[in-house]
Amino acid sequence: MAEIDPETIAARNYLMAVGLCLLSPLIAEYLLGDWTLQQLLSLLFLVPLYGAGALAVREIARHCGLGEAHKLCICLSGLVMYSILGLYQFSKGQTGLGFQVSYVDLGL
């Protein structure tokens, strides 16, 4: 059996990570119907937002030796967290503007 060159493996892992970062905003925004074809190029601005999270899940799972089920659990926990934050951020609070303004009452 022929050995695979370590540089080839490193290049393949790098390309897979870059592909994950580039595909994550496309799947998150465009395939859900939030963005149109004219706005497709502007998805590159969302690569740091979506790509960083997807890459973090991948790297944590890879370095800890976790399997696919653990990756799915990490992703679902992030989805639940963002869903809860979205509910609080965009629920009609006392302002009536569609988002809730947080403040701290210092009692001064």
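Provided above is the structure to which this section pertains.
Definitions and limits used
- Residues numbered from 1 in each chain as written.
- Predicted model: local features only at pLDDT ≥ 70, side-chain atom pairs only at ≥ 80, totals over all residues.
- Heavy atoms only, no water.
- 1 Å grid on protein atoms, 1.4 Å probe; cavity = no way out; pocket = protein on both sides within 12 Å on 5 of 7 lines; lining within 4 Å.
- Points joined across faces, edges and corners; volume = space filled by probe spheres on them.
- Helix = DSSP H or I, 4+ residues; strand = E, 2+ residues; numbered from the N terminus.
- Nonpolar A, V, L, I, M, F, W, Y, C, P; charged D, E, K, R; others polar.
- Patch = residues over 30% accessible without salt bridge, like charges linked within 9 Å, V, L, I, M, F, W, Y side chains within 5 Å.
- Areas by Shrake-Rupley, 256 points an atom, 1.4 Å probe, with all protein chains shown as cover.
- Salt bridge = Lys/Arg side-chain N within 4 Å of Asp/Glu carboxyl O.
- Buried < 20%, exposed > 50% of the residue type's maximum accessible area, 1.4 Å probe, protein only.
- Polar contact = N/O pair within 3.5 Å; in protein donor to acceptor, adjacent residues only side chain to side chain.

Colleague: Any chance you could explain the layout of surface pockets here in plain terms?
Modeller: Gaps left between atoms are located by rolling a probe of water-molecule size over the structure's atoms. Put simply, the largest pocket is a space of about 910 Å³. If you go around the largest pocket, you meet 23 residues; those closest to its centre are Y50, G53, A54, C75 and Y82. At ten residues, helix α3 (residues 68–90) tops the list of elements feeding residues into the lining of the largest pocket. Here the lining of the largest pocket is built from residues that sort into 16 nonpolar, three polar and four charged.

Colleague: Whenever I open this one, a nonpolar patch on the surface confuses me. Can you help?
Modeller: A surface patch of nonpolar side chains, amounting to about 650 Å² of accessible area, comprises Y14, L15, V18, L22, L41 and L44. Checked against the element boundaries, L41 lands in the loop between α1 (6–30) and α2 (47–64). Using a relative accessible area of 66% as the deciding quantity, one classes L41 as exposed.

Colleague: In this structure, what is going on with the side chain of S24? I would like to understand it.
Modeller: The topology assignment puts S24 in helix α1. Here the side chain of S24 touches C21 through a polar contact of 3.2 Å, landing on its backbone oxygen.

Colleague: So what exactly am I meant to see when it comes to the pattern of salt bridges here?
Modeller: Once the charged atoms of two side chains with opposite charge are near each other, the side chains can pair. Applying the stated criterion across every chain, the model contains three salt bridges. With its nearest N and O atoms 2.5 Å apart, the salt bridge here joins R58 to E59. Of the residues examined, R58 reaches a relative accessible area of 12% and is grouped as buried. Judged by its relative accessible area of 22%, E59 falls in the partly exposed class. Ionic pairing is found between E68 and K71, a salt bridge with its closest N-O pair at 3.4 Å.

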